[in-house]
Amino acid sequence: MRTDSSPGTLPAREHLPAGPAGTPVLDVVIPVYNEERDLQPCVLRLHEHLERTFPYPFRITIADNASTDATPEVARRLEARMAGVRTLRLEQKGRGRALRTVWSASDAPVLAYMDVDLSTDLNALLPLVAPLISGHSDLAIGSRLARSARVVRGPKREFLSRSYNLILRGSLQARFSDAQCGFKAIRRDVAQVLLPLVEDTGWFFDTEMLVLAERAGCRIHEVPVDWVDDPDSTVHIVPTATEDLKGVWRVGKALATGSLPLDRLTRPFGDDPRDREIMDVPKGLARQLVGFCVVGGLSTLFYLLLYSGFRLFTGSQVANALALLISAVANTATNRRLTFGVRGPGGAVRHQAQGLVVFGIGLALTSGSLVALNAANAHPAHSTELAVLVAANLAATVLRFLLFRIWVFSDRDGGLPEPAAPGGPAPSHGPRAAHPPVPPASPFRAGDAADGTWPDATRRPGPVRPYDTDPGETR
C-alpha cells in the first residue's frame, strides 16, 4: 500500500461550469486486450448512442493493453474514421494500469469506463454520469446487485459475485453493493486526489479505488443496471479471484495499521457535513448513546451490588440512597471521560455537582417507586423490590442521559476545552471544536470559474509509476 503520498484536499462538490466549444465533458475509456473481433461493434454502438442521447461533448478512448492480435489496427482505423475517438497503446497489461494512465492524462471533467463486451445496457450511462456533472456525487457505479437491476448470468458467476461483495462488506466494511461491474465513472478532480493512493493495476483496481473513496468520505452513487453475461468472456476466474483476495488483505492491513492516511481527506470548509459546527444540533449521538448504555449497564450492576450490601444492615430507603449516591458519582466520572470525551480536571467539580442534581432526580424516581410499592404491600419480597428499582432506574437512566447531554456536558459548559496557555498547544479534551476553514486545492486556474473555461490540457498529474504485470491478467 502506498504511503508516499499524503492525503490531499478533495474538491468542493459543485456543478461543472460550462467549457469552451469542443472540450469533452465525458471521456469514456474502453480497456482492451486482444479484442479484434468485439472492438469495432462496441465503439460503433457506443458512439451512436452518445451522439443520439448525450447532451454534452464526449470522447471515446480505446486503451490497448499490449494486445498481440489485430486490436491496435482496428483501434487506429476507428480513430481515423470517427470524430471523438482516440486510441492509446500501453506496452504492459492491466486494466487498472490502463484506466490510471488515461484518466490521469484526460482533460475531461468526468471520466468513465466500460467493458468492451457492453454487457451493461447503455441506457444507464446518462444516469451514471449525471450526478457527477451536477456535483451531487464524486463517483458513480453500475450495480447488478441493486434491487431493481435486471441481470442474466449463470449461477456460478452469480455466486462468485455475491460472495466477493460479502467478503468486502465483512472485511473492509464496504457499503457499496457491486465492486466488479465494468461500468463506473468518477469526477476528474476527485480522481486526481485518489489515483495516487491506488496501488493495484489489474482487476482489483476498481475495488481499491471504491474502498479508499468511501473511507475518504466521497459520495458514491449507484445505478441499477440491466446486464447480460458475456459467454465468451476471457476472464480467468480463479487467478483473478486469487489476486482480488490478495488485494483485500493488503488494503485491509493498510487501513488497520494506519499506514494509509485515509481517515479524512479534507474538503473545503462547509462542503462536508463533518466540517460544520451548527449550534443546537447534537454531535456524535450514536456513539454517545452506545457509551452511555454500556456505562449505565455497569453502573446498574454496581448499584444493585451496593444496595444488596447496604440492605443487610439498614432499611430500604437508606440503602437505596447510599447505593445511588456512590454509583452516581462513579457514573458521572465515567461518562465524563468515556462517553462525552472530557479530559483533564477542568470543570470536574462542577460536573459532579450537576451530576448530583441529576442524582437527586433519580433518587426521587426510585424512592417514589419504593414508597408506592410499600403502600401496595407492607412486606414486599426482596426480588420484587429489585424489579421495581430496575424499572425506576431505566426511567431515570433515560432522563439522566438527556440531562447529561443538554446540560452537564453540553458545549456551553464543561464540554468545551479549556483555553490553551499562551504559546502552548491547545488541549485535546472535550468534544471536537470546529476546524478552521481549509482552502481547497482547486483543479482550476484563478479566474476559470469566472470566465467559464476549463484548465488547459497541460495541467495534468505527474508521471505514473511503472508496475509489474499482474499474474492472471487477461484483459
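Note that residues are indexed from 1 along each chain, following the sequence as it is written. Owing to the predicted nature of the model, reporting of local features is limited to residues with pLDDT of at least 70; listing and counting of side-chain atom pairs is limited to 80 or more, with chain, interface and lining totals taken over all residues. With hydrogens and water set aside, each side-chain value is computed from the structure's full complement of heavy atoms.

Considering the pattern of salt bridges
Salt bridge, as applied in this entry: a Lys or Arg side-chain nitrogen positioned within 4 Å of an Asp or Glu carboxyl oxygen. Taken as a whole and judged by the stated rule, the model has 21 salt bridges. With a shortest N-O distance of 2.8 Å, R144 and D178 are connected by a salt bridge. With R144 in the loop between β5 (139–143) and β6 (150–152) and D178 in the loop between α5 (155–172) and β7 (183–187), the pair connects residues that are 34 residues apart, well separated along the chain. Burial status follows relative accessibility: with a 1.4 Å probe on protein chains alone, a residue under 20% of its type maximum counts as buried, one over 50% as exposed, and anything between as partly exposed. We classify R144 as buried; its relative accessible area is 9%. Accessibility expressed as a relative area gives 0% for D178, which makes it buried. Between R250 and E199 there is a salt bridge; the shortest N-O distance is 3.5 Å. Of this pair, R250 sits in helix α8 (residues 237–257) while E199 sits in the loop between α6 (188–194) and α7 (205–215), placing them 51 residues apart in sequence. Each helix is a run of DSSP H or I of at least 4 residues and each strand a run of E of at least 2, with the numbering of both proceeding from the N terminus.

Thoughts on the sheet that holds β7
Whether two strands pair depends on DSSP finding at least two bridges between them. Strand order in this open sheet of seven strands is β3-β2-β1-β4-β7-β5-β8, and the pairing throughout is mixed. Edge positions in the sheet fall to β3 (85–90) and β8 (220–224), since each of these pairs with one other strand and no more. If you compare each strand with its neighbour and ignore which way they point, the axes differ by 20° on average. Looking at chain direction, strand β4 (residues 110–114) and β7 are connected through five bridges and run antiparallel. Across the sheet, M114 pairs through a bridge with F183, a residue of β7. Axes here refer to lines fitted to C-alpha atoms; in helices the fit is confined to the stretch in contact. Angles between the N-to-C directions go from 0 to 180 degrees.

Description of the packing of aromatic side chains
Only Phe, Tyr and Trp rings take part, Trp by its six-membered ring, and two of them pair if their centres are within 6.5 Å. Stacked means planes under 30 degrees apart, edge-to-face means over 60, and tilted covers everything else. Taken as a whole, this structure holds 10 aromatic pairs when the rule is applied. Ring geometry for F310 and F313: centres 6.1 Å apart, planes at 85°, overall edge-to-face. F310 sits in the buried class, given a relative accessible area of 17%. A relative accessible area of 62% means that F313 is categorised as exposed. Sitting over the face of the ring of Y33, K93 holds its NZ or CZ atom 4.5 Å from the ring centroid. We call a charge positioned over a ring when the NZ of a Lys or the CZ of an Arg lies within 6 Å of the ring centre and within 35 degrees of the ring normal.

Quick word on a nonpolar patch on the surface
Taken together, V357, I361, L365, L399, I406 and W407 make up a surface patch of nonpolar side chains, about 480 Å² in accessible area. Sorting the residues of the nonpolar patch by element identifies α11 (348–376) and α12 (382–408) as the ones contributing at least two each. Within the secondary structure, L399 is located in helix α12. For L399, a relative accessible area of 32% gives the class partly exposed. Patch construction takes residues with relative accessible area above 30% that form no salt bridge. Like charges are linked within 9 Å, and nonpolar side chains (Val, Leu, Ile, Met, Phe, Trp, Tyr) are linked within 5 Å. Accessible areas in this description were obtained via Shrake-Rupley with a 1.4 Å probe; residue shielding takes into account the shown protein chains only.

Regarding α5
Residues lying three or four places apart along an α-helix face the same way, a consequence of the helix completing one turn every 3.6 residues. The span you would expect from a helix comes to 1.5 Å times its residue count less one. Taking 1.5 Å of rise per residue, the 18 residues of α5 would be expected to cover 26 Å, and the 25 Å separating its terminal C-alpha atoms lies within 8% of that figure. In this fold, the buried residues of α5 make contact with α7 and α8. Two residues or fewer after α5 comes Q173, characterised by a positive phi angle close to 55°. Throughout, a contact is declared for two residues whenever any of their heavy atoms are within 4.5 Å.

Remarks on the nonpolar core
Counting residues in hydrophobic clusters, the biggest one holds 42 residues, and the most contacted among them are W103, L139, L168, F176 and I186. Sorting the residues of this core by element identifies α3 (95–105), β4, β5, α5, α6, α7 and α8 as the ones contributing at least two each. With six residues, α7 is the single largest residue contributor to this core. Beyond its immediate stretch of four places on either side in the chain, F176 contacts I141, L168, R169, L210, V211, E214, I220 and E222. Throughout, nonpolar core names a set of buried Ala, Val, Leu, Ile, Met, Phe, Trp, Tyr and Cys residues whose side chains join them through atoms within 4.5 Å.

Digging into the confidence of the model for the protein chain
Mean pLDDT over the protein chain stands at 78; residues scoring 70 or higher make up 77%. Across residues 412–475 the pLDDT falls below 50, and counting only partners more than four positions away or on other chains, this stretch makes 129 contacts in the model. Confidence of the predictor at the level of single residues is captured by pLDDT, which takes values from 0 to 100.

With respect to the packing of helix α9 (residues 285–310) against helix α10 (residues 316–339)
It is the contact of α9 with α10, at a shortest axis distance of 8 Å, that shows an interaxial angle of 150°. When the axis of α9 is compared with that of α10, the two are roughly antiparallel. For the pair α9 and α10, the sense of crossing is right-handed. As a working rule, the residues Ala, Val, Leu, Ile, Met, Phe, Trp, Tyr, Cys and Pro are called nonpolar, Asp, Glu, Lys and Arg charged, and the rest polar, with Gly in that last group. Across the contact of α9 with α10, the residue classes break down as 14 nonpolar, 11 polar and one charged. Comment on the angle field: the value is read as roughly parallel under 35 degrees, roughly antiparallel over 145, roughly perpendicular from 65 to 115, and oblique elsewhere. Throughout, a crossing is termed right-handed when the near helix is turned clockwise from the far one, and left-handed when it is turned anticlockwise from it by less than a right angle.

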